[in-house]
Amino acid sequence: QVQLVESGGGLVQAGGSLRLSCAASGRTFSSYLMGWFRQAPGKEREFVAAIRWSGGTTYYADSVKGRFTISRDNADYTVYLQMNSLKPEDTAVYYCAADESVFSLRIGVNVDYWGQGTQVTVSS
């Protein structure tokens, strides 16, 4: 059974940092991309960042470039999202996702696997 389990969310003041983790299990993900999405109350889910397991190519939404960094640990199939200089508008539930298609992952459609989400709240 494939599982993506997020952790690391919480409450932080504006300007602060958080690191989210996503532990992947249940299959081999070497051909996959792993991504992060977020959904704020009343808003649509949006792409945040993605990384290829093989090669480590990264992709970012313009809104987080220069502030967020996605990385992976191949040894234990964990993906991280380091979030710095957080803003109140970064407040959302953050979801981990996995798919073999960068197109599907960028638009969040027909994605193979999703995590359950972790709440990030940034206070002003």
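Above this note sits the structure.
The following paragraphs examine the structure supplied in this document.

Basis of the calculations
- Residue indices begin from 1 for each chain and proceed along its sequence in written order.
- Residues qualify for local features only when their pLDDT is at least 70, as the model is predicted, and side-chain atom pairs are given and counted only at 80 or more; totals for whole chains, interfaces and linings, by contrast, use all residues.
- To obtain the side-chain values, all non-hydrogen atoms of the structure were included, while hydrogens and water were left out.
- By disulfide we mean two sulfur atoms from cysteines, separated by a distance within 2.5 Å.
- The way it works is that DSSP assigns letters per residue, a run of H or I at least four long becomes a helix, a run of E at least two long becomes a strand, and they are numbered from the N terminus.
- In this scheme, a residue with accessible area under 20% of its type's maximum is buried, one over 50% is exposed, and one in between is partly exposed, where area comes from a 1.4 Å probe on protein chains only.

What follows is about the state of the cysteines. In this structure the tally under the stated criterion is one disulfide. Each disulfide pairs two cysteine sulfurs, and for Cys22 the partner residue is Cys96, the sulfurs being separated by 2.0 Å. Of note, the bridge from Cys22 to Cys96 carries an S-S torsion of about -80° and is left-handed in sense. In this pair, Cys22 sits in strand β3 (residues 18-25) while Cys96 sits in strand β9 (residues 92-99), placing the two residues 74 residues apart along the sequence. The exposure class of Cys96 is buried, given its relative accessible area of 0%.

With a phi close to 50°, Tyr77 is a non-glycine residue in the positive phi region. Turning to its location among the elements, Tyr77 is positioned in the loop between β7 (68-73) and β8 (78-83). For Tyr77, a relative accessible area of 25% translates into the label partly exposed. Residues other than glycine seldom take positive phi values, yet Asn110 does so here, at roughly 55°.

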